[in-house]
Amino acid sequence: MKIMTKIYADSFEDAATVQISIDQSKKANGVYYYHHGIKKFSAVSKEIILSCGSYDSPKLLMLSGVGPKNELELLGIKPKVNLPVGKNLQDHFGSFIFPITINSTISFSIERDFGIHAFYEYFSKGLGLMTVPSAVDGQAFMSTSDVKESGKDWPNIQIMFMPISPSKALKDVLVKALYLKPKVMSDIMDPYDGSDGIMLIPLIVRPKGVGEVTLKDKNPFSDPLIDPKFLHHSDDLKALVEAMKFVMKIVETKAFQEIGAKFTTIPLSECKTYKFRSNSYFECYARHMLGTVWHPVGTCAMGKKSDRKSVVDSQLRVIGVGGLRVIDASIMPVIVNANTNAPTIMIGEKGANMILEHWSKQHLICNYKEILLNSDKTKCYYVLRKSKKLVMKILE
C-alpha cells in the first residue's frame, strides 16, 4: 500500500524552545518557546520530535522534568520521569602534534593560500584547497597494543593528516576553538611562523572515559555544564601516548623525510621537566595539547527499558513519556570509532521511517481485548469509546 502524506510546517526564526509540556498522564502535549522575547505555547496532536544534539537535547529534557530525580530537585525542577538523561557522554578527542615543518610548499598556509583566488577556483572549477573538508587530507586507523592483545582488533585510534602550516592565523583558530593556552601555542608556533608544515592528530575513538551533561540552573537560557572527562580513564591516556609515539615514527618514514619533515625540537614550557619525547613528556603534552573534534554522543542513550542507562527505547521514544522521541546523535549508546556525521544522518533517516510506519497504522480501531492482548499498545491509537474507560482503568 502506498502511503500519501502531506507535511505542513511552520518555521520560526529567532525562536528558542525552553520546555516540553508533559501532562499528568505523562504525555508530551506541547512546547513552550520564546519568539522575539515573548513566551508562547504550541500544542501538539500527535508527538514531539527532539533533535537538538547531544548537549541541548538532554538540557531540554531536564528543564522539562525528565532526568535524574535528585539533580532536578536540587535545582528546583519538579521531576516527572526519573531517567539518566545527560549521562553516558562520549566524544572523540586527541592531541595535536605540530609544528612538523617541511621543506616543500605543498602544504596549505592560511595567509598565503586562503584568498579570493581560492573561492574562485572552488566555485568556478570545483578545485583547490576548499575541496578538502576541514583541511583533512587523509586519515588512518590503528589498534594500540592493548587492543591487539585482547584478541579483538577493533581500531581505537584515528589519525588525521592535515597539511597546514604553522602561522599566527592558525594559532588564533586553535586558541579560540579548542581553548588551548595562548602562551603554550606561542612558544611552539611563533619560531616557525611562515614555514610550511603539517599537523598530525591522533584521536581516541573508543574512549573508556564517560562524561556527563548537567544543568547549571533552571534558567533555560543558561548553557549546560559539559564535563567530557577526557583522559579521566588511565587506559585512554596510555593509548593516546602510544598513538603519539606512532605518529613520530610516521614522520621518520622515507616518504616524509623526502619532503624534510621534522617535528619541533622546542619542548612545551609546561613539560620541560620531562625528558623530551619520553612517555612522561607525551603524557604531559597530551594534557596541554588536548582537544575535541566535536563528536559528542550518548546523552539520551537508546536501550531496553529494563536497562538503567537507557533514556529512549528502540523506537527512539523517551521511556515513560508518551508522544516524545529523541532523534539525533545523543541516542547512540556507544560511540562509533569513526566520524559521527554519516551515522547521525542514518539515525535521522531511520527515525523518520519509524514515525511514518507508526502513524500509517493508526487507522486501526481497537477494542479493549485487542489492547490488552497486544504487547505494543501504541499501535492502537483510536479506541472504541465504550471500552476506553475500562481499558485505562485496567492499564493503571
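Our subject is the structure listed above.
Residues numbered from 1 in each chain as written. Predicted model: local features only at pLDDT ≥ 70, side-chain atom pairs only at ≥ 80, totals over all residues. Heavy atoms only, no water.

For the overall build of the protein, give the residues involved together with the corresponding values.
The helix and strand inventory of the protein stands at 13 helices and 18 strands. Within the protein, the proportion of its 396 residues that are buried is 43%. Partitioning the contacts of the protein with sequence separation of at least 6, the portion at a separation of at least 24 is 63%. Total accessible area on the protein is roughly 22,300 Å²; 55% of this is exposed by carbon and sulfur atoms. (Helix = DSSP H or I, 4+ residues; strand = E, 2+ residues; numbered from the N terminus. Buried < 20%, exposed > 50% of the residue type's maximum accessible area, 1.4 Å probe, protein only. Contact = heavy atoms within 4.5 Å. Areas by Shrake-Rupley, 256 points an atom, 1.4 Å probe, with all protein chains shown as cover.)

Which residues make up the nonpolar core, and what values go with them?
In terms of nonpolar packing, the biggest core is built from 54 residues, with I97, M199 and Y285 touching the most fellow members. Within the residue set of this core, elements represented by two or more residues are β8 (97-101), β10 (157-162), α6 (168-178), α7 (182-189), β11 (197-204), α8 (234-251) and α10 (279-288). Sort the elements by how many residues they give to this core and α8 lands first, with 9 residues. Among residues more than four places away in sequence, those in contact with I97 are I198, M199, L200, P202, M244, V247, M248, F263 and Y285. (Core = buried A, V, L, I, M, F, W, Y, C linked by side-chain atoms within 4.5 Å.)

Would you mind going over α8 in detail, with residue names and values included?
Its 18 residues give α8 an end-to-end C-alpha distance of 26 Å, which sits within 8% of 26 Å, the value for a rise of 1.5 Å per residue. Residues of α8 that are buried include every one of D236, L237, A239, L240, V241, A243, M244, V247, M248 and V251, and no others. (Expected span 1.5 Å × (residues − 1).)

Can you tell me about the packing of aromatic side chains, naming the residues and giving the values?
According to the stated counting rule, one finds 12 aromatic pairs in the structure shown. With 4.8 Å between their ring centres and 50° between their planes, Y32 and F41 make a pair best called tilted. With a relative accessible area of 29%, Y32 lands in the partly exposed category. The partly exposed category is assigned to F41, whose relative accessible area is 38%. Consider the rings of F161 and F256, whose centres lie 6.1 Å apart with planes at 85°: the pair is edge-to-face. Taken as a pair, F161 in strand β10 and F256 in helix α9 (residues 254-257) lie far apart in primary sequence, 95 residues in all. Members of the aromatic cluster, connected to one another through ring pairs, are F263, F276, Y281, F282 and Y285. Over the ring of Y32 we find K39; its NZ or CZ atom is 5.1 Å from the centre of that ring. Here K46 stacks its cationic end above the ring of W359, 5.6 Å away from the centre of that ring. (Phe/Tyr/Trp six-rings, centres within 6.5 Å; stacked < 30°, edge-to-face > 60°. Lys NZ or Arg CZ within 6 Å of the ring centre and 35° of its normal.)

Run through the pairing of β10, naming residues and quoting values.
Counting buried positions over the 6 residues of β10 gives 5, a clear majority of the element. Across 5 bridges, strand β9 (residues 138-142) lies against β10 in antiparallel orientation. If you follow Q139 over to β10, its bridge partner there is M160. Bridge count for β10 against β11 is 6 bridges, and the pairing is antiparallel. (Pairing = 2+ DSSP bridges.)

Explain the sheet that holds strand β2 (residues 28-35) to me, using residue names and the numbers behind them.
Spatially, the 3 strands line up as an open sheet ordered β1-β2-β3, and their pairing is antiparallel. Edge positions in the sheet fall to β1 (15-22) and β3 (38-43), since each of these pairs with one other strand and no more. Between one strand axis and the next, the sheet turns by 25° as a mean value, whatever way the strands run. As judged from the 6 bridges shared by β2 and β3, these two strands associate in the antiparallel manner. Residue pairing in the sheet places V31 in a bridge with S42 of β3. (Axes fitted to C-alpha atoms, helices over the stretch in contact; angles between N-to-C directions.)

Could you give an account of helix α11 (residues 341-360), with specific residues and numbers?
Between its first and last C-alpha atoms α11 spans 29 Å; for 20 residues at 1.5 Å apiece the expected length is 28 Å, and the two agree. Along α11, the positions that sit buried rather than exposed are P343, I347, G351, M354, I355, H358, W359 and S360.

Kindly report on the environment of R317, identifying the contributing residues and their values.
Relative to the helices and strands, R317 resides in the loop between β15 (290-292) and β16 (324-326). Take R317: its relative accessible area is 22%, and that puts it in the partly exposed class. For the pair R317 and I48, spaced 269 residues apart in the sequence, the C-alpha separation amounts to 9.8 Å.

Pulling in residues and values, what's your account of the environment of I100?
Of note, I100 is situated in strand β8. Residue I100 is classed as buried on the basis of its relative accessible area, which comes to 0%. If we skip the residues at most four places from it in the chain, I100 touches D196, G197, I198, L200, V251, A261, K262 and F263.

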